[in-house]
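This is what each chain is made of:
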Amino acid sequence: MSRIAHLIIHRGEKGEIPTLRRYEVPHTPGQSVLDGLRYVRATLDPTLNFRHSCISANSCKECMIVIDGKIGYACMVRLEPREMLLEPLPNKPHLSDLATEIAPPDERLDHVS
Amino acid sequence: MKTRAKTADLNADVLVAGSGAAGMAAALAAAERGVRVILADRSLIGRGGATVMAQMTVAAALGEEVPDHWEAHLADTMAAGRGLCEADLAALVCEEGPRDIRQLDEWNIGWARRSDGRLRQVHAPGHDRPRCVYVDFLATGPAVSKTLRARLQRQQRITRIGDLYITDVVVRDGTACGALGFSVADGRAVAIAASAVVLATGGLTRLYGRNSASANMTGNGHALALQAGAELMDMEFVQFFPIGHLAPRLVGMDPIMWDPFRYKLGGRLLNSEKREFLNDYGVEERGRYVATRDHATHSILKEVEAGRGSPAGGVYLSFQHVPENKLREAFGPVIDRLARNGIDLTKMPVEVAPIAHYHMGGVRVDPTMETRVPNLFAAGELVAGANGANRLSGNAITEALVFGRRAGEAAATRAKTAASAVPNEIASPEQLEPLCASTGDPAHNLAGMILELQGLVADVAGPSRNEKGLEQGLLKLAQMRVAIGEVPPGRPGPYNLVRVDWFDLRSMLIVAEVIMRSACLRTESRGAHQRDDFPLLDNSWAQHQIVSLRDGALAFERAPVANGEVAKVSS
């Protein structure tokens, strides 16, 4: 029987009352949480927003979120065949879903316009 | 004029799009010449491109290990390019590279050194001597990015803006005068007026399912340049890195990580019979690392095709003959990272397979990095010509630094002599409308379509191509173009990836078509372009293919290669 990772994900834009949505991702050993998030966008729900650039090389440092209450890189934490709660970083301005404003303040558009 | 109210209007003397090594070098060089620069990146500044992912080698004739001369580096670069290098551009990389590498050393990048203070240089495949500097461990790219970022932060004349996606280069009277885009962070439309524009958006390896670069390498700079009126060149030449990690699954490590291991420890490429096989294809390795990327890729694919591949569809790379203390001495903490992934190199081989890594083709420029559109420059991986049909290991970062600096210098000079001041507003409300309008939800899952496109491009325009596959691919691209429609879906908003996907797909579909049609026209095999229906090199094809837009349609022509005498273009 195939195993399933149940991702429970914080949804909503900044200023909105967030909701939690549940997604079922087929689990293969060795996958990362980022693999699970990319699976959700490509097959279940493309409106899910989260940051990443380098895809699992842990170079861009963009995919930092809160996983089961602990801050971590989605590309470094293994996906597991159980319920996993994914939330945006609490200490950064929220943008949408799991995406937060993580750029230094002087590297943002609203700094100049 | 409601549209205008929602738009952020910016202006600068020089706009640089993309903040890998080329973009950062361009911004620094321009600012040092006294002009105001905006450095924009669709992701975070200095983090989202390919530079930050570079694992090890940066080639330059520094002569630290053994005497060297830039002309020897040039000879190796030209030989690796299989007859398609533009000599002037390749010479710039080789002659000026040492200066930029020394500059980074002065800025304390931390190149690996011997105890006597000399820089360490490794001997990479295709080079005639040890020529490649690096930062331990597997940290070259992050060190280059960090060093350049630190310089940017001290430069008051540079405004850095992340999460800014450029969608159009604005051309007025045939001359580039700025760009349009939108803020990924808040969804606002952005218009940037500039006297000169430098595109440094990197390559296009995201077109391939298995690739070693970031999700940002979508070829959007190629599409921007093409639509602004510039020419593209040699677009069929996509480099596959032969030994990309395949299995077992790793997290938090770059798939090209085995390159440094091979530089330092040799390693053995084995087939399913656990036999070294490169010799069967004319490359004798004997535990050393000498096969160039095109030859190694070709040999691995042939071995898999012959049924002697590994279970996951690649071949084995083994360091089992290397004692544990040697492994630890060479890679210290990386050995622990591997252990956390369940890999013990003393006990097991890993599986590797070719992976899309770099693009030799790109925007056609002159030695000042200007395109044929006045005031539109390009730099870095985006530029064609220096690497011909196959890039030598270690030339990418050097190219990014040299071409970036030169593009920044030339753009600043142009901005200072510009006939008119930077206009306040460069775009009409009509031009901005697609960026501001709210439309319906997309008819398709665009993230899913990107995945589908990646599979298609890998299938038909991967390391092995033929006319039938390419023609089928082109048909499928046409269907996908219709499917995504003419306007971006949804509405502008904070971090809306559906809109980002749409703009990415728009570029990716254009660039995929250019690659497939170029690959279809080139009826020979050369370097990274291998046709199974035309398996031999054809000397009559020792020519570039040039692509441009003519009345909205792609036009293809051939141009001779200037690979003879190197003109004195260097200052």
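It should be emphasised that the depicted structure is a prediction, and the values quoted were computed from it without experimental measurement.

**With respect to the overall build of chain A**
1) Next: Scanning chain A from N- to C-terminus turns up 2 helices and 7 strands.
2) Next: Counted from the first residue to the last, chain A has its helices and strands arranged as β-β-α-β-β-β-β-β-α.
3) Next: A compact globule built from 113 residues should have a C-alpha radius of gyration of about 13 Å, and chain A, at 14 Å, falls within 12% of that.
4) Next: Projected onto the principal axes, the alpha-carbon positions of chain A cover approximately 55 × 30 × 25 Å.
5) Next: Long-range pairs, those at least 24 residues apart, make up 47% of the contacts in chain A between residues at least 6 apart in sequence.

**Some thoughts on the sheet that holds strand β16 (residues 543-550) of chain B**
Residue and element names in this part refer to chain B.
1) Next: The 4 strands lie next to each other as β14-β9-β16-β17, forming an open sheet whose pairing is antiparallel. Only two strands of the sheet have a single neighbouring strand rather than two, namely β14 (362-363) and β17 (553-560).
2) Next: Pairing analysis gives 2 bridges linking strand β9 (residues 232-233) to β14, with the strands arranged antiparallel. For leucine 232, the partnering residue across the bridge sits in β14 and is valine 363.
3) Next: The strands touched by helix α14 (residues 497-521) within the sheet are β9, β16 and β17, with β17 carrying the most contacts at an inclination of about 45°.

**Examining the packing of helix α3 (residues 70-80) of chain B against helix α4 (residues 87-106) of chain B**
Residue and element names in this part refer to chain B.
1) Next: Interhelical geometry of α3 versus α4 gives an angle of 140° and a closest axis separation of 9 Å. One finds that α3 runs oblique with respect to α4. Along this stretch, α3 crosses α4, giving a crossing that reads as right-handed. Residues Trp70, His73, Leu74, Thr77 and Met78 of α3 touch α4, and the partners they reach there are Ala87, Ala90, Ala91, Cys94, Glu95 and Pro98.
2) Next: Of the residues that constitute the contact of α3 with α4, the class distribution is 8 nonpolar, 2 polar and 1 charged.

**Details of the sheet that holds strand β12 (residues 315-318) of chain B**
Residues and elements named next belong to chain B.
1) Next: Overall, antiparallel pairing links the 4 strands, which are arranged β10-β13-β12-β11 in an open sheet. With partners counted over all chains shown, the strands left at the sheet margins are β10 (238-247) and β11 (268-270), one partner each. Ignoring strand direction, the axes of neighbouring strands in this sheet form an average angle of 45°.
2) Next: For β11 and β12, the ladder comprises 3 bridges, and the chain directions are antiparallel. Along β12, the bridge assignment pairs leucine 269 with leucine 317.

**Some words on the interface of chain A and chain B**
1) Next: Tallying the contact residues gives 35 residues for chain A and 41 residues for chain B.
2) Next: Elements supplying a minimum of two residues to the side of chain A that touches chain B: α1 (33-44), β6 (94-96) and α2 (109-112) of chain A.
3) Next: Broken down by element, the side of chain A that touches chain B gets its largest block of residues, 3 residues, from α1(A).
4) Next: Each residue belonging to the side of chain A that touches chain B can be placed in one class, and the counts come to 13 nonpolar, 13 polar and 9 charged.

**Some details on helix α6 (residues 220-228) of chain B**
Residues and elements named next belong to chain B.
1) Next: Among the 9 residues that make up α6, 8 are buried, leaving the element largely enclosed by the rest of the structure.
2) Next: Along α6, the residues that are buried comprise Asn220, Gly221, His222, Ala223, Leu224, Ala225, Leu226 and Ala228.
3) Next: The first or second residue beyond α6 is glycine 229, which carries a positive phi of 110°.

**A word on the pairing of β10(B)**
Residue and element names in this part refer to chain B.
1) Next: Along β10, 9 of the 10 residues are buried, which leaves the element largely enclosed by surrounding structure.
2) Next: Bridge count between β10 and strand β13 (residues 350-359): 7 bridges; the pairing is antiparallel. The partner of phenylalanine 241 across the bridge, within β13, is isoleucine 355.

**Section: α4(B)**
Residue and element names in this part refer to chain B.
1) Next: Helix length check: α4 (20 residues) gives 29 Å between terminal C-alpha atoms against 28 Å at 1.5 Å per residue, within 8%.
2) Next: Along its length, α4 shows its largest kink, about 45°, at glycine 97, and proline proline 98 lies within four residues downstream of that point.
3) Next: With 14 of 20 residues buried, α4 lies mostly within the body of the structure.
4) Next: With its phi angle positive at about 65°, asparagine 108 sits one or two positions after the end of α4.

**Concerning the confidence of the model for chain B**
1) Next: Summing up the model confidence of chain B, the mean pLDDT is 94 and the portion of residues at 70 or higher is 97%.
2) Next: Both confidence scores are given for the complex: pTM 0.96, ipTM 0.97.

**Side note on the nonpolar core**
Generally speaking, nonpolar side chains in soluble globular proteins are found buried as a group.
1) Next: By size, the foremost hydrophobic cluster in this structure holds 226 residues, and its most contacted members are Val14(B), Val198(B) and Ala379(B).
2) Next: Excluding residues within four positions of it along the chain, Val198(B) makes contact with Val14(B), Val16(B), Ala26(B), Phe377(B), Ala379(B), Ala407(B), Gly408(B) and Ala411(B).

**Regarding the domain arrangement of chain B**
All names here are of chain B.
1) Next: Taken domain by domain, chain B comprises domain 1 (2-238 + 357-419), domain 2 (242-355) and domain 3 (439-537).
2) Next: Put simply, the middle of domain 2 and the middle of domain 3, counted by C-alpha atoms, are 30 Å apart.
3) Next: Here the element with the most residues in the side of domain 2 that touches domain 3 is helix α8 (residues 293-305); it accounts for 4 residues.
4) Next: Each residue belonging to the side of domain 2 that touches domain 3 can be placed in one class, and the counts come to 2 nonpolar, 2 polar and 1 charged.

**A closer look at the environment of Ile158(B)**
Residues and elements named next belong to chain B.
1) Next: Counting through the fold element by element, isoleucine 158 comes out in strand β5 (residues 158-161).
2) Next: Taking C-alpha positions, isoleucine 158 is 30 Å from glutamate 430, a pair spaced 272 residues apart along the chain.
3) Next: With near-sequence residues (within four places) excluded, isoleucine 158 lies in contact with Ala27, Ala31, Val37, Leu39 and Leu152.

About the thresholds
Residues numbered from 1 in each chain as written. Chains lettered and ligands numbered in written order. Predicted model: local features only at pLDDT ≥ 70, side-chain atom pairs only at ≥ 80, totals over all residues. Helix = DSSP H or I, 4+ residues; strand = E, 2+ residues; numbered from the N terminus. Rg over C-alpha atoms; globule rule 2.2 N^0.38 Å. Contact = placed C-beta atoms within 7 Å. Pairing = 2+ DSSP bridges. Axes fitted to C-alpha atoms, helices over the stretch in contact; angles between N-to-C directions. Parallel < 35°, antiparallel > 145°, perpendicular 65-115°, else oblique. Left-handed = near helix turned anticlockwise from the far one by under 90°. Nonpolar A, V, L, I, M, F, W, Y, C, P; charged D, E, K, R; others polar. Buried ≥ 20, exposed ≤ 12 C-beta atoms within 10 Å, placed from the backbone. Expected span 1.5 Å × (residues − 1). Bend = angle between axes of the 7 residues up to and from the residue. pLDDT = per-residue confidence, 0-100. Core = buried A, V, L, I, M, F, W, Y, C linked by C-beta atoms within 7 Å. Domains from an automatic or database assignment.

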